[in-house]
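Fold and contact review
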Amino acid sequence: DKSQGGQRLDIYLAQSEAALSRSQVKYAIEEGDVLVNDKVPKDSQHLKEGDVIVLTKRPPVEAIAVPQEMPLDIVYEDDAVIVINKPAGMVVHPAPGNPDKTLVNALLFHCHDLSGIGGVLRPGIVHRLDKDTSGLIVAAKSDDAHRNLSSQFEKHDVHKKYLALVWGDVKGNSGEIVLPVGRHTNNRKKMSTKSRHGKGALTLWKVRERFGVATLLDVEIKTGRTHQIRRHMASLRHPVLGDREHGLKTARDPRLLTVPRQMLHASSLELPHPLKRGVVLKAHSPLPADFRRCLKLFDMGK
């Protein structure tokens, strides 16, 4: 109404009957669960008289993530942080459709003292990898480490590099993609580079090997938007092979039918240690077996 005009969206929702905290409101907006006049907004959007806000509450998930004994490929660990080499197929945290057997469940069993800042469903988690993306992910084991790591990711002080096998023979040997990434206007589960409220995103790429119908790229992201690499490569019409959402709609080569998942691997991670001044953590992850088999398949067809 008129008296509420000019308020920021996140403040308005936090004070509404929805009874959400500011952090919960921010997460809901990032996940596309909030619409203003049928469009995906920014959390900082200022409201006007007559605006219609729709908040979709997801089905409730068990309030406590249960520790579960699962194998973990631990690359580095100390009292503050743990770096895991996540396999493809593992979901990072519980969510509707994936209530357990996630990385968080495994970390809770292994660490016992995982940071709780991320909330009961996402303890210790400061960044994510898609279910079908393999490679390195760091988690906080203390609240101080969590706060520091979150700040590093927000300031883009964390250096993340990926290997991506994409469709087609990419023109040039290197380049950069500068396109905003945000929730699709009409489908909140999809990301788009044409979203009116997308956030700035920068992706750097360099050709490592060519296979004619496919190209292996070294990719570095300077921002950490959801599905950033997948969306950016699709915008070049060189989508990541195996990407069911942003990739090819039809099989243009019979070998595509054998690609087991999206060929995207978080290969290296470098960041200042959150609690040890002057110490830089560096981690590397070799390509997993399914990725190597896919490379061999396309290499044989050159």
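Check the entry above for the structure.
The structure displayed is predicted, hence computed values, not measured ones.

Thresholds, definitions, all that
Residues numbered from 1 in each chain as written. Predicted model: local features only at pLDDT ≥ 70, side-chain atom pairs only at ≥ 80, totals over all residues. Heavy atoms only, no water. Buried < 20%, exposed > 50% of the residue type's maximum accessible area, 1.4 Å probe, protein only. Helix = DSSP H or I, 4+ residues; strand = E, 2+ residues; numbered from the N terminus. Pairing = 2+ DSSP bridges. Polar contact = N/O pair within 3.5 Å; in protein donor to acceptor, adjacent residues only side chain to side chain. Contact = heavy atoms within 4.5 Å. Salt bridge = Lys/Arg side-chain N within 4 Å of Asp/Glu carboxyl O.

Unlike most non-glycine residues, D38 shows phi in positive territory, near 70°. On the basis of relative accessibility, which here comes to 62%, the residue D38 falls in the exposed class. Non-glycine residue R237 carries a positive phi angle of around 65°. Structurally, the position occupied by R237 is in the loop between α5 (228–235) and β12 (264–272).

With that settled, the discussion passes to the pairing of strand β5 (residues 134–140). Burial within β5 is extensive, with seven of its seven residues counted as buried. Of the pairings in the sheet, the one linking strand β4 (residues 81–86) to β5 comprises six bridges and is antiparallel in character. Looking across to β5, one finds that N85 is bridged to L136. Pairing geometry for β5 and β12, over two bridges, is parallel. Directly across from G135, in β12, lies its bridge partner A266.

With respect to the helices and strands, Q152 occurs in helix α4 (residues 143–154). Taking relative accessible area as the criterion, Q152 reaches 6% and is therefore assigned buried. Here P272 takes part through its backbone oxygen, which lies 2.9 Å from a polar atom of the side chain of Q152. Those residues within four positions of Q152 in sequence are excluded, and the remaining contacts are D157, V158, L271, P272, H273 and P274.

Relative to the assigned elements, H156 resides in the loop between α4 and β6 (159–167). When its relative accessible area of 36% is taken as the criterion, H156 is described as partly exposed. In this structure the C-alpha to C-alpha distance between H156 and L271, which are 115 residues apart in sequence, comes to 9.8 Å. Setting aside anything within four residues of it in sequence, one finds H156 in contact with K222 and T223.

What follows deals with the pattern of salt bridges. Following the criterion strictly, the structure yields 12 salt bridges and no others. Between R210 and D169 there is a salt bridge; the shortest N-O distance is 2.6 Å. With a gap of 41 residues between them, R210 in strand β10 (residues 202–210) and D169 in the loop between β6 and β7 (174–178) connect regions that are remote in the sequence. D169 sits in the partly exposed class, given a relative accessible area of 42%. Each of the salt bridges in this network shares a partner with another, and the network as a whole consists of D130, R230 and D243.

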